[in-house]
Amino acid sequence: MNTDNEPLLAIRNLHTCFHVFEGVVNAVDGVDLEVPHGETVGLVGESGCGKSVTALSILRLLRCPPAEIQGQVIFHGRNLLDLDREGIRKIRGNAISMIFQEPMTSLNPVLTIGEQIAEAVRLHQGMSRREAWRWAEEMLRMVQIPGARARAREYPHKLSGGMRQRAMIAMALSCNPQLLLADEPTTALDVTIQAQIMSLMSNLKEEFGTSILLITHDLGVIAEMASRVIVMYAGKVVEEAPVKELFKEPLHPYTKGLLGSVPVIGRKAQTGRRLHEIPGTVPSLLEMPRGCRFHPRCPKMMDVCSGEEPPTIHMGGDRRVCCWLFAKT
Amino acid sequence: MLNYVVKRLLSTIPVLIGISLLLFFMLRMLPGDPAQVLAGQMATPQEIELIRHQLGLDKPIHIQYAYFLGRLIHFDLGRSARTQNPVTEEIWARLPNTVLLAVVAITLACIFGIPAGIISAVRPYTWIDYLVTSSALFGISMPVFWLGLMLVVVFSVMLHWLPAGGTGSWKHVILPSFTLAAFVVAFIARMTRSTMMEVLSQDYTTTARSKGLKERVVVTKHALRNALIPIITVVGLQFGLLLGGAVLTETVFAWPGIGRLIVDSILARDYPMIQGTILVFGLLYILVNLVVDLIYAWVDPRIRYG
Ligand SMILES: Nc1ncnc2c1ncn2[C@@H]1O[C@H](COP(=O)(O)OP(=O)(O)OP(=O)(O)O)[C@@H](O)[C@H]1O
Ligand SMILES: [Mg+2]
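These lines cover the structure that appears in this document, whether it is placed above or below. Computed from a predicted structure; not experimentally measured. (Residues numbered from 1 in each chain as written. Chains lettered and ligands numbered in written order. Predicted model: local features only at pLDDT ≥ 70, side-chain atom pairs only at ≥ 80, totals over all residues. Heavy atoms only, no water.)

Residue and element names in this part refer to chain A. Taken in spatial order, the four strands make up an open sheet running E2-E1-E4-E5, and their pairing is antiparallel. Looking at the sheet topology across the chains shown, the edges are occupied by strand E2 (23–35) and strand E5 (78–79). One ladder, built from ten bridges, connects strand E1 (residues 9–20) with E2; its direction is antiparallel. Following the sheet pairing, Ile11 is matched in E2 by Leu33. (Pairing = 2+ DSSP bridges. Helix = DSSP H or I, 4+ residues; strand = E, 2+ residues; numbered from the N terminus.)

Between chain A and chain B, the contact holds 28 residues from the first and 23 residues from the second. Of the roughly 2,200 Å² buried between chain A and chain B on both sides combined, carbon and sulfur atoms contribute 57%. For the interface between chain A and chain B, the tally reads three salt bridges. Here Glu119(A) ties to Lys221(B) by a salt bridge, and the two come within 2.8 Å at their closest N and O atoms. At the surface where chain A touches chain B, the tally comes to 13 residue pairs in polar contact (both at pLDDT 80 or more). The set of elements that each furnish at least two residues to the side of chain A that touches chain B consists of helix H2 (85–91), helix H3 (113–125) and helix H6 (161–173) of chain A. The leading source of residues in the side of chain A that touches chain B is H3(A), at seven residues. (Contact = heavy atoms within 4.5 Å. Buried area = accessible area lost by both parts, 1.4 Å probe. Salt bridge = Lys/Arg side-chain N within 4 Å of Asp/Glu carboxyl O. Polar contact = N/O pair within 3.5 Å; in protein donor to acceptor, adjacent residues only side chain to side chain.)

Counted according to the given criterion, the structure contains 22 salt bridges over all chains. Between Glu154(A) and Arg151(A) there is a salt bridge; the shortest N-O distance is 2.7 Å. We classify Glu154(A) as partly exposed; its relative accessible area is 22%. Residue class for Arg151(A) comes out partly exposed when judged on its relative accessible area of 25%. Bridged by salt links that share partners, the residues Glu115(A), Glu119(A), Arg122(A), Lys211(B) and Lys221(B) form one connected network. (Buried < 20%, exposed > 50% of the residue type's maximum accessible area, 1.4 Å probe, protein only.)

Where a strand is regular, its side chains alternate between the two sheet faces. Residues and elements named next belong to chain A. Both E1 and strand E4 (residues 67–75) contribute to a ladder of eight bridges, which runs antiparallel. In the sheet register, Cys17 faces E4, and the bridge partner there is Glu68. Two elements, E4 and E5, share two bridges in a ladder whose sense is antiparallel. Among the inter-strand pairings, Phe75 is bridged to a residue of E5, identified as Arg78. Adjacent in sequence and paired antiparallel, E4 and E5 are bridged by two residues, among which His76 carries a positive phi angle near 55 degrees.

Turning our attention to the sheet that holds strand E8 (residues 211–215) of chain A. By way of backbone hydrogen bonds, the strands of a sheet pair with one another, either parallel or antiparallel. Residue and element names in this part refer to chain A. Across the sheet, which stays open at both edges, the eight strands sit in the order E6-E7-E8-E3-E9-E10-E12-E11 with mixed pairing between neighbours. Whereas interior strands pair on both sides, the edge strands pair on one side only; in this sheet they are strand E6 (96–99) and strand E11 (312–315). Adjacent strand axes in the sheet meet at a mean angle of 20 degrees, parallel and antiparallel pairs treated alike. Summarising the sheet, strand E10 (residues 236–242) and strand E12 (residues 319–322) pair through two bridges and their orientation is antiparallel. (Axes fitted to C-alpha atoms, helices over the stretch in contact; angles between N-to-C directions.)

So, on to the pairing of strand E7 (residues 179–183) of chain A. Residue and element names in this part refer to chain A. Burial analysis of E7 places five of its five residues in the buried class, which makes it a mostly covered element. Burial of E7 is two-sided: the residues Leu179, Leu181 and Asp183 facing one way and the residues Leu180 and Ala182 facing the other way are all buried. Sheet analysis places E6 next to E7, joined by four bridges and oriented parallel. When the bridges of E7 are listed, Met98 appears paired with Leu181. Pairing between E7 and E8: five bridges, direction parallel.

Let us look at the nonpolar core. Membership of the largest hydrophobic core comes to 76 residues, with the highest contact counts inside it found for Ile58(A), Phe75(A), Leu80(A), Ile96(A), Leu140(A), Ile169(A) and Met201(A). Considering every element that reaches this core, the biggest residue donor is H6(A), with eight residues. Once residues lying within four places of it in the same chain are set aside, the contact partners of Phe75(A) are Leu8(A), Leu9(A), Leu80(A), Ile91(A), Ala95(A), Ile96(A), Gln178(A) and Leu179(A). Of all hydrophobic cores here, the second largest spans 53 residues; its members include Leu95(B), Ile114(B), Ala246(B) and Trp255(B). (Core = buried A, V, L, I, M, F, W, Y, C linked by side-chain atoms within 4.5 Å.)

Residue and element names in this part refer to chain A. With respect to spatial proximity, 14 residues lie near ligand 1, and among them Ser47, Gly48, Lys51, Ser52 and Val53 are the closest. Here an oxygen atom of ligand 1 and a backbone polar atom of Lys51 are 2.9 Å apart. Glu184 places a polar side-chain atom, nitrogen or oxygen, 3.0 Å from an oxygen atom of ligand 1. Protein burial of ligand 1: of its 640 Å² of free accessible surface, 65% is covered by the chains. Elements with a contribution of two residues or more to the shell around ligand 1: E1 and helix H1 (51–58). (Near = heavy atom within 4 Å. Areas by Shrake-Rupley, 256 points an atom, 1.4 Å probe, with all protein chains shown as cover.)

In this section: the packing of helix H1 (residues 2–29) of chain B against helix H13 (residues 271–299) of chain B. Residue and element names in this part refer to chain B. Their axes nearest at 10 Å, the elements H1 and H13 cross at an angle of 150 degrees. Accordingly, the angle class assigned to the pair H1 and H13 is roughly antiparallel. Two packed elements cross with a definite hand, and for H1 against H13 that hand is right-handed. Among the residues making up the contact of H1 with H13, the classes are represented as 18 nonpolar, five polar and three charged. (Parallel < 35°, antiparallel > 145°, perpendicular 65-115°, else oblique. Left-handed = near helix turned anticlockwise from the far one by under 90°. Nonpolar A, V, L, I, M, F, W, Y, C, P; charged D, E, K, R; others polar.)

We now examine the packing of aromatic side chains. Residue and element names in this part refer to chain B. Summed over the entire model, instances satisfying the criterion amount to eleven aromatic pairs over all chains. With centroids separated by 6.1 Å and ring planes inclined at 40 degrees, the aromatic side chains of Phe155 and Trp161 adopt a geometry described as tilted. Residue Phe155 is classed as partly exposed on the basis of its relative accessible area of 25%. Among the aromatic residues, ring-to-ring pairing joins Phe24, Phe25, Tyr65 and Phe68 into one connected group. Geometry around Phe24 places Arg28 over its ring, the cationic atom sitting 3.7 Å from the centre. (Phe/Tyr/Trp six-rings, centres within 6.5 Å; stacked < 30°, edge-to-face > 60°. Lys NZ or Arg CZ within 6 Å of the ring centre and 35° of its normal.)

Structure representation (structure tokens):
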């Protein structure tokens, strides 16, 4: 791995908060993560831990206010958070594109599938209407939508959920992005379709050399697709590791809880298996516990955990964990 | 499509018969005797009886209705009890005035209301949004006759720019149509704002932004088209109501439209006139609704009529 080279995307100390009526919600609280060239990085964590907000912050797709984004999102040596409106617009859908969780609601119901793909191509690649339409048809063929030419002329309501997600992928890849932010691309689909979409995505990734930040609940998907995994809890990264090592030996008690019983790598990974339930609930972001945010639910809680925030400890072999258990005293 | 239109047009016939039936019997249950009103206070019972006979009111009510329907088939609505002129003629004389006012008012309302609503939805909780929402609140709660009188005071009495009432030139149209439009502008602006706010928070709007589209394109191409259905509904309904005439505005500006015709004929218990105007109003309302439904199908690909 080219560790000495710059990563494609580096998020440094990202803070995203929402100013709401009840106060300030720190949805993302000091996240650091990197996506190397050509790799797939998995981002996992319970619902509400800030995965989507992290992804949306990268492209600044949150309405500000109420959102406020701070920190650095370095892409090709530039901080995306410093770009002006035009600057970030030229990145969106072009160098970095995004796939959303809900195929049923994320396509515009009053525009044809073809137009929704072609408009981005016209915008970023400067193609003519005809060329862009051809290209849209080509992309639909690439994501294996049967009868692509006819489908391009249809409206989203005529397509099934799986077909719409394929169309979404076609749209996201239409300008040949370097980075794809996939926010739970298969969660809303049933199991067989999930498997098809995932294999489509990994094929396309090979073909286009796209890096992927893959957000998911599904450990099977992570095991199959990702090379590294980042685990988030309540707006913070609690653990990062290469995928094999994480499954073999999770360090953070939260990760252990999530994994519950670990899917065995090498055997056919079970897609569709959800994260293991951990007793207790995610704390409200308005009233974070002092110290380690996980301590009220942690089976290995120590005195220090409720008093002070744990440091991030870099372990050997590209791993890091944010837990007092591993702090050398 | 043509099939659908024909079917819808045919289905107006039973609706109109229903309206006429209700109207016919309800009118005759109203207190007040048309013959008495027409004959005046000093009339003798014999005179009243004579007029009653001339109006056909001495016959049993179902016979009266049968006569009415029989004439209706020939598009004959009878003669006004008050003026003796054919009802259709009286309506024809007034309808263009009402339609003119309604069209101008609804056009003004769309030109000002829809953009105002869009702007305040795109910039919510900014000064411009507050300006739009508070003016809209003002427009909705302001009494029409008061607004009309104020406009007359300012533009006719004080500035002598525009006539205070009557018809004849485009200048006569300005004050009544603005008066009439005030409420509709406000209503449409509020409706547009709330619909656009909702559409702008939909997932597909985020998708559109994530493609790098300009905000102007996101708003006009992606969001507005989705917001159009509720907006068109409101515009259609308001237009339908305006076609029924605007009694207060017509009264303030001495505007000879349908609204005053209806009120005058109700006061005079002029049965044929009331029946005629209300039937015509019903027909126009149904037609406007049909046009609105056809526009739906054009705007939203999910709607198809067989
Ligand atoms: N617009 C907003 N205003 C206020 N709070 C928000 C907003 N968007 C997200 N949040 C809060 O930020 C937190 C993180 O949300 P996020 O959508 O990133 O979770 P997630 O990890 O993607 O969860 P899921 O797995 O359910 O998608 C949540 O607690 C949510 O309440
Ligand atoms: Mg999410």
